[in-house]
Amino acid sequence: MFTGIVTDMGEIRDLTQAGDLTARIGTRYDTGGIDIGASIACDGVCLTVVTLGPDWFDVQISAETLSKTNLGGWTAGQRINLERALKVGDELGGHIVSGHVDGLAEVVSVTEEGDSTRVQLRAPEALAKFIAPKGSVALNGTSLTVNEVQGAVFGINFIPHTKEVTTWGRVAVGDRVNLEVDTMARYVARLAEMS
């Protein structure tokens, strides 16, 4: 379980395909406090730590995960958003995020507005019904508030702080990003179907 509050920007140091894909991720986290088997959200995808070093950790990525996320496009040197799993007593500053990506959204426009950046994204049609104005989404692991929705297109505003401490400072039209819809929206839709 995560909050969507990114706490580090990691760097892909190495990618090795041998059965599953193994990614070595450089981090500023104190890896002495990370256990083998721990969950870390990497660009919003809950992955399991399989090996540790002084300033890096390895995760294995299955073919299923590669088919549902943008992780298959990772390259050495790329920066990614990281978040450690919640501990009892941690502040819940974003919203409840599982790290189970629902699909990929595509960036369709990027507009500078003052110091902030407004980004519009197109969600897959099947997920659009779960996205509502002033609701929450997680995009590449970042908890964000939806500004507006028109059909499958929705808008997000990134303030300077978010652009500085996450990978959103480098967003571009055409980027495909990991989308996790709000868990509560999913349950409300399911309840409505059953009524």
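Located above this text is the structure these notes cover.
The paragraphs below set out a description of the structure included in this document. Keep in mind that this is a model prediction, so the values were computed, not measured.

### What about the overall build of the chain?
Inference 1: Per the secondary structure count, the chain includes four helices and twelve strands.
Inference 2: Computed over the C-alpha atoms, the radius of gyration of the chain is 17 Å, within 12% of the 16 Å expected from 2.2 N^0.38 for a compact globule of 195 residues.
Inference 3: C-alpha atoms of the chain, sized along the principal axes, occupy 45 × 45 × 35 Å.
Inference 4: The buried share among the 195 residues of the chain stands at 45%.
Inference 5: In the chain, of all internal contacts separated by at least 6 residues, the share reaching a separation of at least 24 is 68%.
Inference 6: Accessible surface computed for the chain: about 9800 Å², of which carbon and sulfur atoms make up 52%.
Inference 7: Treating the 16 positive side-chain charges of the chain as one cloud and the 25 negative ones as another, the clouds have centres 2 Å apart.

### A closer look at the pairing of strand β1 (residues 8–18)
Inference 1: Relative to strand β6 (residues 79–84), β1 runs antiparallel, the two being bridged by four bridges. Note that in β6 the partner of E11 across the bridge is R79.
Inference 2: Relative to strand β2 (residues 20–26), β1 runs antiparallel, the two sharing seven bridges. Paired with I12 across the two strands is I25, which belongs to β2.
Inference 3: Counted between consecutive antiparallel strands, the loop separating β1 from β2 contains one residue, among which G19 sits at a positive phi close to 80°.

### Examining the sheet that holds strand β9 (residues 136–139)
Inference 1: Within the closed barrel, the six strands sit side by side as β7-β8-β11-β10-β9-β12. Their pairing is antiparallel. Between one strand axis and the next, the sheet turns by 45° as a mean value, whatever way the strands run.
Inference 2: Here strand β8 (residues 116–122) runs beside strand β11 (residues 153–158); their pairing, made up of six bridges, is antiparallel. Residue pairing in the sheet places R118 in a bridge with N157 of β11.

Reading the values: rules and limits
Residues numbered from 1 in each chain as written. Predicted model: local features only at pLDDT ≥ 70, side-chain atom pairs only at ≥ 80, totals over all residues. Heavy atoms only, no water. Helix = DSSP H or I, 4+ residues; strand = E, 2+ residues; numbered from the N terminus. Rg over C-alpha atoms; globule rule 2.2 N^0.38 Å. Buried < 20%, exposed > 50% of the residue type's maximum accessible area, 1.4 Å probe, protein only. Contact = heavy atoms within 4.5 Å. Areas by Shrake-Rupley, 256 points an atom, 1.4 Å probe, with all protein chains shown as cover. Lys, Arg positive; Asp, Glu negative; His and termini not counted. Charge placed at Lys NZ, Arg CZ, Asp CG, Glu CD. Pairing = 2+ DSSP bridges. Axes fitted to C-alpha atoms, helices over the stretch in contact; angles between N-to-C directions.

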